[in-house]
Amino acid sequence: MTQAPTPTADTVRRLVRSLLKEGGDDTAGPDVRPVTEGRAYTWWVGTRHVLRLAPDREASVGRRRELRLRDLLRPHLPVAVPTSVAHGDWAPGLAYTLDTKVPGGTADEHDVSAVGEADLAGLLTGLRAVPARQAEALGVPRTAPRSLEALRRMAVHAAERLAVADEFDAARMRQLTPPGAAQLAAQPGTAVLTHHGLTGEHVVVSADGRVRGILDWTRAALGDPAEDIAGLALAVGSPAAVRAATLAGYGTRPCLRGLWLARCDAVIHLAGHLEGRAGGSPALLRTQLRRAWEPILLERLSDFKEDGPEP
């Protein structure tokens, strides 16, 4: 695979100047800056736009598919998805999209209110309503559900390593037993369109706690709805995620499955970072661990007789 050039401020400024064609001093160009330090492929452009540059050809495929998928999503979702004002290639075979900024902060910056939880419920309900055939026609892939038992075993070992580092009480993993993991296996016929990459930075939240938009649909897939419940648990906390999923009509099993996917992932990701095998912000990974392990009312793995309607 050909190594993508590293974009610089001058590279971004020249590209954006040609796209926006705004008046002003052409020698200066628009104000551009990386969205976060160390991420050279996503840039703020002034106060109203964000430029996303694909670093390789695989990411370019996802960027181009996302443009079509966002048009399919809009009629079904109560929250905003970004709108592209320009798209094309910024280097041979490497795609870009210049999007309008969705106003607000992130779920890492603002807490989600009770009304915001209803917004998230609308998100999950809307995703379930998107016709699978139309999504597949756009190239959205299908993904098999993850094995919760295999993930549990990995998390048990990771928790032991975190306990040595005084980061986590490994005994908490005993709450998920092998029989419990088997009970929470994904059910056949429940695949829906999922964002499949929900994190706090992808959930746009206003200062009053409303969820205003969802960013970055490049990993969208037809698959296990518990993956999005898990993503929300890491983004906004387990109680809020489960309340939103319940409002969206999901029963006990997918809610608890999402909870345990998030808990296992959080333990594994922090252990991997502390051992130098994975990147990420240690502060954010610890926050995600705390959010995932917030207690909820549904934590009984033995009785699913009162499940709500399944999708």
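Fair warning: this is a prediction, and the values are worked out from it, not measured in the lab.

Attention now goes to helix 1 (residues 9–20). With 12 residues, helix 1 ought to run about 16 Å at 1.5 Å a step, and its terminal C-alpha atoms sit 16 Å apart, in line with that. Of the positions making up helix 1, those classed as buried are Val-12, Arg-13, Leu-15 and Val-16. Lys-21 lies just past helix 1 and shows a positive phi near 50 degrees.

As a further point, take the confidence of the model for the protein chain. Should pLDDT be low for a region, the predicted coordinates there are not to be read in detail. Mean pLDDT for the protein chain: 91, with 92% of residues reaching 70 or above. Confidence drops under a pLDDT of 50 for residues 301–311, and excluding neighbours within four residues, the segment shows 30 contacts in the predicted structure.

The periodicity of an α-helix, 3.6 residues per turn, causes residues three or four places apart in sequence to face the same way. With 17 residues, helix 2 (residues 57–73) should cover 24 Å at 1.5 Å per step; its first-to-last C-alpha distance of 24 Å lies within 8% of that length. Every buried residue belonging to helix 2 is among Ser-60, Gly-62, Arg-63, Arg-65, Glu-66, Leu-67, Leu-69, Arg-70, Leu-72 and Leu-73, and all of these are buried. Buried-residue contacts for helix 2 involve strand 3 (49–53), strand 4 (84–91), strand 5 (94–100), helix 3 (114–129), helix 4 (132–137) and strand 7 (192–194).

Quick look at the side chain of Arg-263 now. One can find Arg-263 in helix 9 (residues 252–274). At 2.8 Å, the side chain of Arg-263 forms a polar contact with the backbone oxygen of Ala-292.

Its identity is not glycine, yet Asp-166 carries a phi of approximately 60 degrees, on the positive side. When you line up the elements, Asp-166 lands in the loop between helix 5 (148–164) and helix 6 (178–183). A relative accessible area of 70% means that Asp-166 is categorised as exposed. Even without glycine at this site, His-196 takes up a positive phi of about 65 degrees.

Okay, the side chain of His-202 next. Among the secondary structure elements, His-202 is positioned in the loop between strand 7 and strand 8 (203–205). Discounting chain neighbours no more than four positions away, the residues touching His-202 are His-195, Gly-197, Gly-213, Ile-214, Leu-215 and Asp-216.

Judged by nonpolar contacts, the single largest core of 70 residues is most densely connected at Leu-69, Leu-73, Leu-120, Leu-193, Val-203, Trp-217 and Trp-260. At 12 residues, the largest contribution of residues to this core is made by helix 9. For Leu-120, the residues in contact, after removing those within four places along its chain, are Val-112, Val-203, Val-211, Leu-232, Val-236 and Ala-244. Formed by 15 residues, the second largest nonpolar core is a distinct cluster that contains Ala-4, Val-16, Ala-91 and Leu-94.

Reading guide: rules and limits
- Residues numbered from 1 in each chain as written.
- Predicted model: local features only at pLDDT ≥ 70, side-chain atom pairs only at ≥ 80, totals over all residues.
- Heavy atoms only, no water.
- Helix = DSSP H or I, 4+ residues; strand = E, 2+ residues; numbered from the N terminus.
- Expected span 1.5 Å × (residues − 1).
- Buried < 20%, exposed > 50% of the residue type's maximum accessible area, 1.4 Å probe, protein only.
- pLDDT = per-residue confidence, 0-100.
- Contact = heavy atoms within 4.5 Å.
- Polar contact = N/O pair within 3.5 Å; in protein donor to acceptor, adjacent residues only side chain to side chain.
- Core = buried A, V, L, I, M, F, W, Y, C linked by side-chain atoms within 4.5 Å.

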